[in-house]
Amino acid sequence: TRSYAPCPPCMVTESKVLTVEAFTAFAKDLPLFLHVTSLVAGRKDDSLMKDKYGFGTFPMVCVIDAEGKLLLTHSGPLTPEGIIETYKLASNLPQLKLKAEAGDAQSALDLEILELIQSVMKNKGVATRQEAGSKFAAHFSEGREPSLKPLRATFFTMVLQHAMSQKLPDLAEKVLPKYEVECLASGNPVLIKGLAQMKVNINKMRQPRQPEPATPR
């Protein structure tokens, strides 16, 4: 879904993701659907994607089945490779659930992380994101992380955000290399440029706070 108004992220997605050969070759046999929120008075189904799936930001990419059921909402960097991986994950969801139910610990972890990310994507609430970030940080601190590629960027991003918000420099330094790998793989210049500042911010957390100057009597 994309915005009715000039939307730089929407335009980048269309010009550098959905129209490049890596994506078009993959999607040539798939039915693609684009919903544009127009704000034209009286237009039927203008808020279809928001009402049906809870979408509230642009652009949003998701995988739906033939009956219109939402299978997965894409999370992480919007790249051709990322969207293709999300589609593959959506196609393999039944097998993932079966493996988790059979007692496979990694599949159960991947499924838990996936469901939490999807909840954050749908609800957009600060509390939901904080809760998920706290749970992801606990998993990461104990050596657990997702094995599925579509989950890793969001997982490490949320662990880092939790570490920064809770002022946990040890956790931030531990997850930063994982986050950096995902940033570089995304090719997103904004994320890559922000890596240096992130390192500066982590170092600042380690510096003792300067005492407040005494107020003259």
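Before any of the text, the structure's been laid out above.
Presented here is a report on the structure given in the accompanying data block. (Residues numbered from 1 in each chain as written. Predicted model: local features only at pLDDT ≥ 70, side-chain atom pairs only at ≥ 80, totals over all residues. Heavy atoms only, no water.)

1. Digging into the packing of aromatic side chains
Threshold: Pairing of aromatic side chains here covers Phe, Tyr and the six-membered ring of Trp, requires ring centres within 6.5 Å, and sorts the geometry by plane angle: under 30 degrees stacked, over 60 edge-to-face, intermediate tilted. Numbering of helices and strands runs from the N terminus, with a helix taken as a DSSP run of H or I at least four residues long and a strand as a DSSP run of E at least two residues long. Partly exposed describes any residue whose relative accessible area lies between the buried limit of under 20% and the exposed limit of over 50%, with all areas from a 1.4 Å probe on protein chains only and scaled to the type maximum.
As enumerated under the stated definition, the model contains four aromatic pairs in all. Centre to centre, the rings of F26 and Y87 are 5.3 Å apart; their planes meet at 75°, and the pair counts as edge-to-face. A residue pair is termed long-range when its members are at least 10 positions apart, and F26 in helix 2 (residues 21–27) and Y87 in helix 4 (residues 80–91) qualify at 61 residues. Using a relative accessible area of 26% as the deciding quantity, one classes F26 as partly exposed. Accessibility expressed as a relative area gives 28% for Y87, which makes it partly exposed.

2. Re the nonpolar core
Selection rule: Residues grouped as a nonpolar core are buried Ala, Val, Leu, Ile, Met, Phe, Trp, Tyr and Cys residues, joined through side-chain atoms within 4.5 Å. Any two residues having at least one pair of non-hydrogen atoms within 4.5 Å are treated as being in contact.
L114, F136, V159 and L160 are the most contacted members of the largest nonpolar core, which has 40 residues in total. Elements that contribute at least two residues to this core include exactly helix 3 (48–53), helix 4, helix 5 (93–101), helix 6 (105–123), helix 7 (126–141), helix 8 (149–165), helix 9 (169–186) and helix 10 (189–206). Excluding residues within four positions of it along the chain, F136 makes contact with I113, L116, I117, F155, M158 and V159. In this structure, V17, F23, V61 and I83 belong to the second largest nonpolar core, which totals five residues.

3. Concerning empty space enclosed by the protein
For clarity, the cut-off: Cavities and pockets were defined on a 1 Å grid built over protein atoms only: a cavity is a set of grid points that admits a 1.4 Å probe from which the probe cannot escape, a pocket is an open set flanked by protein on both sides within 12 Å along at least five of seven lines, and lining residues are those with an atom within 4 Å of any such point. Grid points are joined across faces, edges and corners, and a volume is the space filled by probe spheres set on the points. Only Asp, Glu, Lys and Arg are considered charged in this grouping, and only Ala, Val, Leu, Ile, Met, Phe, Trp, Tyr, Cys and Pro are considered nonpolar; every other residue, Gly among them, is considered polar.
Per the counting criterion, the structure on display carries one cavity of 30 Å³ or more. If you add up the space inside the largest cavity, you get close to 50 Å³. Lining the largest cavity we find L72, T73, H74, S75, T86, L89, L114, Q118, P150 and L151. Among the secondary structure elements, those contributing two or more residues to the lining of the largest cavity are strand 2 (70–73), helix 4, helix 6 and helix 8. Residue composition of the lining of the largest cavity, by class: five nonpolar, five polar and no charged.

4. Here we look at the pattern of salt bridges
The line we're drawing: Whenever Lys or Arg places a side-chain nitrogen within 4 Å of a carboxyl oxygen from Asp or Glu, that contact is recorded as a salt bridge.
Under the definition given, this model contains nine salt bridges. In this structure, the salt-bridge partner of R144 is E142, at a minimum N-O distance of 2.7 Å. Given the relative accessible area of 32%, R144 is considered partly exposed. Overall, E142 belongs to the exposed group, its relative accessible area being 54%. As a salt-bridge pair, K178 and E145 come within 3.2 Å of each other at their nearest N and O atoms. Of this pair, K178 sits in helix 9 while E145 sits in the loop between helix 7 and helix 8, and the two are 33 residues apart along the sequence. One salt-bridge network, in which partners are shared between bridges, spans E145, R152, K178 and E182.

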